[in-house]
Amino acid sequence: MLIRQPAAIAPSEITPERVWRRRRDLVQAAAAAGVLGSAGPAFAQKPAAQRLPGKPSPLSTMEKATAYKLVTEYCNFYEFGTEKEDPPQYAPKFLKPRPWSVMVEGEVNKPRRFDIEDLLKLAPVEERVYRLRCVEAWSAVVPWVGYPLAALIKAVEPTGNAKFVEFTTLADPKQMPGLRSSVLKWPYTEGLRMDEALHPLTLLTFGLYGEVLPHQNGAPLRIVVPWKYGFKSAKSLVRVRFVEKQPVNSWQESAPHEYGFYSNVNPTVDHPRWSQATERRLGEDGLFSKRRPTLVFNGYGEQVAQLYAGMDLRKNY
Ligand SMILES: Nc1nc2c(c(=O)[nH]1)N[C@H]1C(S)=C(S)[C@@H](COP(=O)(O)O)O[C@H]1N2
Ligand SMILES: [Mo]
């Protein structure tokens, strides 16, 4: 993967979540009351995103959330280009998140095509503030909105042969200019072992910051697996398939010596081209800000380490 530093970010742009929420609420209230008119500030002219509040979850980290602006303007979504600023520029123009449906199939008793609206109603959504650790050694803290993937898995009744789950992202050249590039073999696919997919931390995600997912963050739905490198969290899903054999994920296919199937965050297993021992938190790029030490399983070891008991995680990276 390409590693780039984001452009320097002025401290004034780093907005604490509470302040940001209040400002947004004010802007929305003003917009609803018609106070801002067409001469309102630039940020008020963006159509108000659809609200998607989630019940606060005890599984959330207490760490301060990364500024909304950074989470939505510094993105990896190669279907829209390999530069961090490509997805925010192109995804809102091209990606059509409605109508949308997801085929859930394979080793299940009740295969079904779910309309996105039906999927949203399958279980109550929660707000889960998770650390996100990219394999490129940067991290963020994101208030996602979604419900455990386990709820969907139970609804389709996997058979005894379902050992893994494969996720597939949309691959439509009309909606995704990045497909012209051959950096990856499209569609983007990812996979989890069944127990990982059923783990309560694994989130079927529809929103962030109390709003439906911005296009560039994987609208209208994605997966989020907080103890693994970010690339496991595939965006804009169109298919979830239950299979018997371990699926090959896109990054493993394109660079098998660099990216494995498990991809658990592990500060002791370096990427062949860089160290994974420390990370840069988005928004902390002041002259004196220190890199943060990376935590094993991204800090979720207490919840997930038992999934890998007896496995050599240096081999199974
Ligand atoms: N379909 C698809 N999903 C993807 C990617 C991608 O390029 N295509 N990039 C991944 C990577 S490398 C990361 S770090 C996260 C970033 O999610 P965010 O942009 O919402 O922060 O999305 C992951 N999901
Ligand atoms: Mo990433």
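Throughout what follows, the structure given in this document is the object of discussion. Only a predicted model underlies this, so the values are computations on that prediction, with no experimental measurement involved.

Section: the pattern of salt bridges
Where charged atoms from two side chains of opposite charge approach closely, those side chains can pair.
Part 1 of the argument: Scanning the model with the defined rule gives 18 salt bridges in all.
Part 2 of the argument: In this structure, R292 engages E63 in a salt bridge whose closest nitrogen and oxygen atoms are separated by 3.5 Å. Separated by 229 residues along the polypeptide, R292 in strand 13 (residues 292-293) and E63 in the loop between strand 1 (55-56) and helix 3 (68-73) bring together distant segments of the chain.
Part 3 of the argument: Here R292 falls in the partly exposed class, since its relative accessible area comes to 28%.
Part 4 of the argument: On the basis of relative accessible area, E63 is assigned to the partly exposed category, the value being 24%.
Part 5 of the argument: One salt bridge in this structure joins K228 and E196, with 2.7 Å as the shortest N-O distance.

Remarks on the side chain of S250
Part 1 of the argument: Inspection of the secondary structure assignment puts S250 in helix 8 (residues 250-254).
Part 2 of the argument: Residue S250 is classed as buried on the basis of its relative accessible area of 2%.
Part 3 of the argument: Those residues in contact with S250 that lie beyond four places of it in its chain are L184, K185, P187, Y188 and T189.

Side note on the site of ligand 1
Part 1 of the argument: Taken together, 17 residues sit near ligand 1, with Y78, E79, R222, S233 and K235 positioned nearest.
Part 2 of the argument: Within the backbone of N76, an N or O atom sits 3.2 Å from a nitrogen atom of ligand 1.
Part 3 of the argument: E79 places a side-chain nitrogen or oxygen 2.8 Å from a nitrogen atom of ligand 1.
Part 4 of the argument: Its residues assigned to classes, the shell around ligand 1 comprises nine nonpolar, five polar and three charged.

So, the sheet that holds strand 3 (residues 112-115)
Part 1 of the argument: If you trace the five strands from one edge of the open sheet to the other, you get 3-2-11-6-7, paired in mixed fashion. This sheet does not close on itself; its edge strands, each paired only once, are strand 3 and strand 7 (189-193). Averaged over neighbouring strand pairs, the angle between their axes works out to 20° when direction is ignored.
Part 2 of the argument: Note that strand 2 (residues 101-106) and strand 11 (residues 237-243) share four bridges and pair parallel. Paired with G106 across the two strands is F242, which belongs to strand 11.

Some remarks on unusual backbone geometry
The general pattern is negative phi for most residues beyond glycine and trans for most peptide bonds.
Part 1 of the argument: In the segment running from R98 into P99, the intervening peptide bond is cis, with an omega of -15°.
Part 2 of the argument: Residue position: P99 is located in the loop between helix 4 (86-94) and strand 2.
Part 3 of the argument: In this structure, Y209 takes a positive phi of about 50° despite not being glycine.
Part 4 of the argument: Residue class for Y209 comes out buried when judged on its relative accessible area of 0%.
Part 5 of the argument: A positive phi is found at S263, a non-glycine position, where the angle reads about 50°.
Part 6 of the argument: Summarising the element assignment, S263 is placed in the loop between helix 8 and strand 12 (278-281).
Part 7 of the argument: Looking at S263, the relative accessible area reads 3%, which means it is buried.

Here's the deal with the side chain of S139
Part 1 of the argument: With respect to the helices and strands, S139 occurs in strand 5 (residues 138-148).
Part 2 of the argument: For S139, a relative accessible area of 1% translates into the label buried.
Part 3 of the argument: Separated by 2.8 Å, the side chains of S139 and E279 make a polar contact.
Part 4 of the argument: Ignoring anything within four residues of it in the chain, the contact list for S139 reads L132, R133, E279, R280, R281 and L282.

Topic: the packing of aromatic side chains
Part 1 of the argument: A complete count under the given rule lists 13 aromatic pairs for this structure.
Part 2 of the argument: Judged by centre distance (5.9 Å) and plane angle (75°), the ring pair of Y130 and Y300 falls under edge-to-face. Note that Y130 is positioned in strand 4 (residues 126-133) and Y300 in the loop between strand 13 and helix 9 (301-304), a separation of 170 residues in sequence.
Part 3 of the argument: Look at Y147 and F206: their rings are 5.4 Å apart centre to centre, the planes differ by 40°, and that puts the pair in the tilted class.

Re the pairing of strand 12
Part 1 of the argument: Sheet analysis places strand 5 next to strand 12, joined by two bridges and oriented parallel. Paired with S139 across the bridge in strand 12 is R281.
Part 2 of the argument: Pairing of strand 12 with strand 13, which is carried by two bridges, proceeds in the antiparallel orientation. In the strand pairing of strand 13, T278 is matched with P293.

What about helix 6 (residues 149-156)?
Part 1 of the argument: Those residues of helix 6 not exposed but buried are L149, A150, L152, I153 and V156. The arc that holds the buried residues of helix 6, viewed along the axis, is 160°, so those residues lie on one side.

Description of helix 4
Part 1 of the argument: Taken together, the buried positions of helix 4 are occupied by D86, P87, P88 and A91. Within helix 4, the buried residues cover an arc of 165° as seen down the axis, which keeps them to one side.
Part 2 of the argument: Buried residues in helix 4 make contact with helix 3.

Quick notes on the rules
- Residues numbered from 1 in each chain as written.
- Chains lettered and ligands numbered in written order.
- Predicted model: local features only at pLDDT ≥ 70, side-chain atom pairs only at ≥ 80, totals over all residues.
- Heavy atoms only, no water.
- Salt bridge = Lys/Arg side-chain N within 4 Å of Asp/Glu carboxyl O.
- Helix = DSSP H or I, 4+ residues; strand = E, 2+ residues; numbered from the N terminus.
- Buried < 20%, exposed > 50% of the residue type's maximum accessible area, 1.4 Å probe, protein only.
- Contact = heavy atoms within 4.5 Å.
- Near = heavy atom within 4 Å.
- Polar contact = N/O pair within 3.5 Å; in protein donor to acceptor, adjacent residues only side chain to side chain.
- Nonpolar A, V, L, I, M, F, W, Y, C, P; charged D, E, K, R; others polar.
- Pairing = 2+ DSSP bridges.
- Axes fitted to C-alpha atoms, helices over the stretch in contact; angles between N-to-C directions.
- Phe/Tyr/Trp six-rings, centres within 6.5 Å; stacked < 30°, edge-to-face > 60°.
- Arc of directions from axis to C-beta.

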